[in-house]
Amino acid sequence: MFSSNEPKNDDMAQRVAALHQALHQHAHSYYVLDEPTIPDSEYDKLFAELQSLEETHPELRTSDSPTQRVGGKPMTEFATVRHMMPMLSIRTETDTEASGAESFDARIRKELSLQENDTAVEYVAELKFDGLAMSLRYEKGVLVRAATRGDGEYGEDVTHNIRTIGQIPLKLSENAPEILEVRGEVYMRRDDFEALNERQRSKIAAGIKGEKTFVNPRNAAAGAVRQLDPGIAAQRPLSFFAYGVGEVSTVSWSTHYDLLKTLKNLGFPVAVQVNIAIGATELVAYHQKIGKLRDALPFDIDGVVYKVNSLALQQQLGFVSREPRWAVAHKYPAQEQLTTVLAIEVQVGRTGKLTPVAKLAPVFVGGVTVTNATLHNEDEARRKDVRVGDTVVVRRAGDVIPEVVSVLLEKRQNDAPIFTMPHICPVCDSAAVREEGEADYRCTGGLFCSAQRKQAILHFAQKRAVEVDGLGDKLVEQMVEAGIVRTLPDLYKLGFTALSDLDRMAEKSAQNILIALQNSKQTTLPRFLYGLGIRHVGEATAKALVKHFGKLDTIMDATLEQLTQVADVGPIVALSLRTFFDQTHNREVVEQLRACGVSWTEGEASSSTLLALSGKTFVITGTLPNLGRDELKEMLEAAGAKVAGSVSKKTHYLVAGSDAGSKLDKAHELGVPVLDEAGVLAILNETNVGDDS
Ligand code: IVH
C-alpha cells in the first residue's frame, strides 16, 4: 500500500503528461510563434519539475519529452540548415545567489581531480545576453549562411535577414580561417525596442491591420530574425554579440579569451564586459559586479556565463548529454513572474492624480516581494484590460516601479467587468475629472482631500525638500487621520503630547521627530520652493527660479511674462506657479511656515541670461569615463544650460560616452556636434574663465 503522502505512480505519469503538454505548447508559442504565453521563469520551473521527475523515475522519460531536445522545431517557411557542429545549450546554475559560482568551480575542480591546494582554475566570465542564438558561417571570408539554433541540430536559414544587421561583417579580412562559424547572440537594444514599439503603437492607432507591439526586446528580435520579408526585418534594428565558434578550419588560439580577441579583431562585436576570472572568488565578484550593472546596460541580460578558459581543459572536461561541462549559465533573479490580481484600487496622489493600482498576490520578482503594480491611468488599464482574478505577468527591473506586462487571457475564468475609473475621488468623494487632452483623472478636493494632504506633507518632509528625518508614510497617515496635522505649518505646531498620544509612538521617537522638525527649519530656498509641491515645479525648476529671482517674494509676485524669462520655465509651469500663488490659502501657508521659523538665506537676482551656457541645450548619453550623468547635468545646469532627454534639431551638443546608442546616430543624422567628456569639460572650463573675468 502507498502511504497517503506518497504520490501514486499513476499520478506521477499524469503529471509528466501534463508537463509535456504544457511545455510543448509554451515552446511552440515561444519558438515558433515568437509570442510567449508565460515568463521564462515559469517555463524554467515547469522544465525543472519535469527534469527532476525524470531523474527519480527514469521509466517516465520518453524520447519525445521536452527535456530531450534543445529548442523548438524549425518553422517550415524557412529552409532547414543542418549545423555541422551542433549548437549546444549550457547548464543553468539554479542557485541565483553568488554561491552558484562557487558550486560551478567546485564541480570543475572535482572533474579535474584538483586538490585543495592546487592552483585556482582560470575562467572567462561573460554576459548572458537575452536574445537568440545565431550561427554565422563564413567561407573564404564571405558570409554564406546565418542560421538559428532550432533544435540544436537543425536550424532555419535566416541569412537574408541577418544580412540587414550592420554590425555583422559580410566579408572578413584576408587572415580569417577558410571556414569559420561564429556563434553569438542577436538581440535588440532597449532603446531600439522602445522606439520600435512606439512606431508599432502609432501604426495600430492608425488602424493598420496585423500590427502588434512586442512584449520584450527578445521577442521583438526573434520576430525580426524570422520575418519572411527582409525589408521588414531591416526596419527592426538588431544588434549582435559574438561569444564562441562552431566549425573552424584552422584554430590559432588556445584559450577562449584569445578566441574572443580574434573574433574582435576580425570585426565582430564582443561585449566589453568579458573578464578573465581566477577561481571562485573572482567569479563571485563578477556575478555581483554585473548584477549591479545589469539595469544600466543598454540591452537585456538574464545572467552571466562562466567558461573554463583553456581549450585543452575544455576538451578534458567534455560533455554531459548535450551540455558542455566547462560552461555554466548563472542567472539573476527573474524580472518577470506570474501572479494573480486580487483587486484593482485607485490611489490619490499629491496633486490629486488618480492612479489605478493592481493589488497582487505577493510574488518575488526582480529581487523583492511585489504586492502592487501600477496600471498608470485609464487608457493604460483599458489597453491591458487587467481584471480582478486575472493571472498576469508582472515585471520589475531595477528600481523601476513594478508593472503588469500582460494578462494570460486563457486563464481568465470569471466574468469580472472591465475596469473603469471612478468619477468621484475614492478618498474624499469630491468630483474626479479628466480634462481634455490629459491622461489622468484628478480629484478636485485639493487639501480638503486627506489623501492629497498626506502626500503634500510627505513631499514637503522628504530628503530632497526640507527633510524631516523619520517622518514617513505611516506616521503622516496617523497624524492626518488623528486630525493633528491638516496643513504644512501644523507640523511645526506639534507638541510632545499630541505626538506621543499617537498609536505605537514611544516617547523617544516623539522626541526625535520634534528634533528633526526643529532641524528642518533651517533650509534653502530651492528646497523650500520644491517642497511646496507646486505642480510642474520639480527640483531643477525650483533651482532655476531661485537663481533667477533670488528672493521668494519676487517669485511669488512675478508675472507670467517674468516667469517665462527663466531658462527652465515654459508657459505651463509659469501658469501653475501663478495659479498657486494667486490662492490666498497658499500664501498663508508660506507666511505661517515663515512665522514658525522656517528660514533660508535669500540671494540676489541673477538674470540667468548672463550665464555662459544659457540658451544652450545639451543631451547626455552613454557612460562617461569619470563623471556620472547626474553630476554632469548639474554642472551644465549651473552654467545655465538646459539638459534634455532626447536629441532634436534644437539640441546644441550631444555628450556621448561609451555604449552610446540611437541618440548618437540621431545626432549624426541631424548634424548635432558630439562631445566626449573632455570636450564638454573644456566648454565648461571656458565658461568658468569667462565668469572670472
Ligand atoms: S555559450 C557551448 N555564451 O544562452 C556553449 N551562450 O544555452 C554555447 N547565451 O541560447 C553557448 N549569452 O544563445 C554562451 N555569453 C554567452 C551567452 C550565451 C547568451 C545564450 C545562448 C543560448 C543559451 C545557452
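Report follows, based on the coordinates. Only a predicted model underlies this, so the values are computations on that prediction, with no experimental measurement involved.

## Some remarks on the pairing of strand β4 (residues 132-139)
- Among the eight residues in β4, seven count as buried, and that is most of the element.
- The pairing of β4 with strand β7 (residues 179-187) spans eight bridges and is antiparallel. Residue leucine 132 lies in a different strand from β7, and its bridge partner there is valine 186.
- Here six bridges tie β4 to strand β5 (residues 142-148), and the two strands are oriented antiparallel to one another.

## A short note on the packing of aromatic side chains
- On inspection of all chains with the given rule, the structure shows 14 aromatic pairs.
- Judged by centre distance (5.5 Å) and plane angle (50°), the rings of phenylalanine 104 and tyrosine 123 are tilted. Note that phenylalanine 104 is positioned in helix α3 (residues 99-111) and tyrosine 123 in strand β3 (residues 122-129), a separation of 19 residues in sequence.
- Phenylalanine 104 gets classed as buried once you look at its relative accessible area, which sits at 1%.
- Exposure remark for tyrosine 123: the relative accessible area of 0% places this residue in the buried category.

## Some points on the environment of glutamate 637
- Residue position: glutamate 637 is located in helix α23 (residues 629-638).
- Between the C-alpha atoms of glutamate 637 and cysteine 596, which are 41 residues apart in sequence, the distance is 33 Å.
- Leaving out residues up to four positions away in the same chain, glutamate 637 has contacts with Ala540, Lys547 and Val643.

## Side note on the nonpolar core
- Formed by 54 residues in total, the largest nonpolar core has its most connected members in Phe528, Leu529, Leu532, Leu545 and Phe581.
- When sequence neighbours within four positions are dropped, the list of residues in contact with leucine 532 reads Phe460, Leu488, Phe580, Phe581, Val590 and Leu593.
- Counting residues in each nonpolar core, the second largest holds 38 residues, with Met134, Leu143, Ile165 and Ala220 among its members.

## Here we look at the site of the ligand
- Near the ligand there are 14 residues, and of these Ile90, Glu126, Leu127, Glu185 and Tyr243 occur at the shortest range.
- Contacts to the ligand include glutamate 126, whose side-chain N or O atom sits 2.8 Å from a nitrogen atom.
- Protein burial of the ligand: of its 510 Å² of free accessible surface, 88% is covered by the chains.
- Of all the elements in the fold, those that place two or more residues in the shell around the ligand are β3 and β10 (301-308).
- Its residues assigned to classes, the shell around the ligand comprises eight nonpolar, one polar and five charged.

## Notes on helix α18 (residues 539-549)
- Along α18, the residues classified as buried are Thr541, Ala542, Ala544, Leu545, Val546, His548 and Phe549.
- Those residues of α18 that are buried lie in contact with α17 (525-531), α19 (552-557), α20 (560-563) and α21 (571-582).
- The first or second residue beyond α18 is glycine 550, which carries a positive phi of 80°.

## Points about the packing of helix α12 (residues 450-461) against helix α13 (residues 473-482)
- At a minimum axis separation of 10 Å, α12 and α13 run at an interaxial angle of 135°. When the interaxial angle is binned, α12 and α13 end up oblique. Here α12 runs over α13; the crossing is right-handed. Contacts between α12 and α13 pair Ser450, Arg453, Lys454, Ile457 and Leu458 from the former with Asp473, Val476, Glu477, Val480 and Glu481 from the latter.
- For the contact of α12 with α13, the class distribution of residues is four nonpolar, one polar and five charged.

## Quick word on α3
- For α3, spanning 13 residues, the distance from its first C-alpha to its last is 19 Å, which sits close to the expected 18 Å at 1.5 Å a residue.
- Regarding α3, the residues found buried are Gly100, Ala101, Phe104, Asp105, Ile108 and Arg109.
- Looking at the buried side of α3, the elements it contacts are β2 (91-93), β3, α9 (279-293), β10, α10 (311-317) and β13 (327-331).
- Count one or two residues on from α3 and you reach serine 113, which has phi positive near 50°.

## Observations concerning the sheet that holds strand β21 (residues 617-621)
- Across the sheet, which stays open at both edges, the four strands sit in the order β22-β21-β23-β24 with parallel pairing between neighbours. Each edge of the open sheet carries a strand with a single partner, namely β22 (642-644) and β24 (674-675).
- Packing against the sheet, α23 makes contact with β21, β22 and β23 (653-656), and its axis sits at approximately 170° to β21.
- Packed on one face of the sheet, helix α24 (residues 662-670) meets β21, β23 and β24 and runs near 145° to β23.

## Observations regarding the pattern of salt bridges
- If you walk through the whole model with that rule in mind, you get 43 salt bridges.
- The closest approach of N and O atoms between lysine 140 and glutamate 178, which form a salt bridge, is 3.9 Å. Here the residue lysine 140 occupies a position in the loop between β4 and β5, and glutamate 178 occupies one in the loop between α4 (159-162) and β7, the gap between them amounting to 38 residues.
- Relative accessible area serves as the criterion here: at 65%, lysine 140 is assigned to the exposed category.
- We note a salt bridge from lysine 633 to glutamate 637, for which the minimum N-O separation is 3.7 Å. Of the two residues, lysine 633 and glutamate 637 both sit in helix α23, four residues apart, roughly one turn of that helix.
- Look at lysine 633 and you get partly exposed, because its relative accessible area is 30%.
- Via salt bridges that share partners, Arg137, Glu139, Glu181, Arg183 and Glu247 belong to a single interconnected network.

## Focus: the side chain of threonine 374
- Mapped onto the elements of the fold, threonine 374 is located in strand β16 (residues 368-374).
- Given a relative accessible area of 12%, threonine 374 falls into the buried group.
- At 2.9 Å, the side chain of threonine 374 and the backbone nitrogen of histidine 376 are in polar contact.
- With residues up to four places along the chain from it excluded, the contact list for threonine 374 reads Thr355, Pro356, Val357, Ile401, Pro402, Glu403 and Val404.

The rules behind these values
- What you see as residue numbers is a count from 1 along each chain, following the sequence as written.
- Predicted model: local features are reported for residues with pLDDT of at least 70 only, side-chain atom pairs are reported and counted for 80 or more only, and whole-chain, interface and lining totals are derived from all residues.
- Side-chain measures here rest on the full set of heavy atoms in the structure, leaving out hydrogens and waters.
- To sort residues, take the accessible area from a 1.4 Å probe on protein chains only and compare it with the maximum for the residue type: under 20% means buried, over 50% means exposed, and anything in between is partly exposed.
- Strands are runs of DSSP state E lasting at least 2 residues, helices are runs of H or I lasting at least 4, and numbering of each runs from the N terminus.
- Strand pairing follows a simple DSSP-based rule, namely that at least 2 bridges must link the two strands.
- Aromatic pairs are defined between Phe, Tyr and Trp rings, using the six-membered ring for Trp, whenever the two ring centres lie within 6.5 Å; interplanar angles under 30 degrees are classed as stacked, those over 60 as edge-to-face, and all others as tilted.
- Throughout, a residue-residue contact means that at least one pair of heavy atoms, one from each residue, lies within 4.5 Å.
- By convention a nonpolar core is built from buried Ala, Val, Leu, Ile, Met, Phe, Trp, Tyr and Cys residues, the set being connected through side-chain atoms within 4.5 Å.
- For each residue, the test is whether any non-hydrogen atom lies within 4 Å of the molecule or strand; if one does, the residue is near.
- Within 3.5 Å is the distance limit for a polar contact, defined as a pair of N or O atoms, with the added protein rule that one can donate a hydrogen and the other accept it, and that residues adjacent in sequence qualify only through two side-chain atoms.
- All accessible areas in this document rest on Shrake-Rupley with a 1.4 Å probe, and a residue is counted as covered only by the protein chains that are shown.
- Any residue that is not Ala, Val, Leu, Ile, Met, Phe, Trp, Tyr, Cys, Pro, Asp, Glu, Lys or Arg is counted as polar, Gly included; the first ten are nonpolar and the last four charged.
- Note on geometry: axes are C-alpha line fits, over the in-contact stretch for helices, and angles between N-to-C directions span 0 to 180 degrees.
- Throughout, the term roughly parallel applies to angles under 35 degrees, roughly antiparallel to angles over 145, roughly perpendicular to angles from 65 to 115, and oblique to all others.
- When the near helix sits turned anticlockwise from the far one by under a right angle, the crossing is termed left-handed; a clockwise turn instead gives a right-handed crossing.
- Expected helix span is computed as 1.5 Å times (number of residues minus one).
- For salt bridges, the criterion is a side-chain nitrogen of Lys or Arg within 4 Å of an Asp or Glu carboxyl oxygen.

Don't take any of this as a statement about function, it's just geometry.
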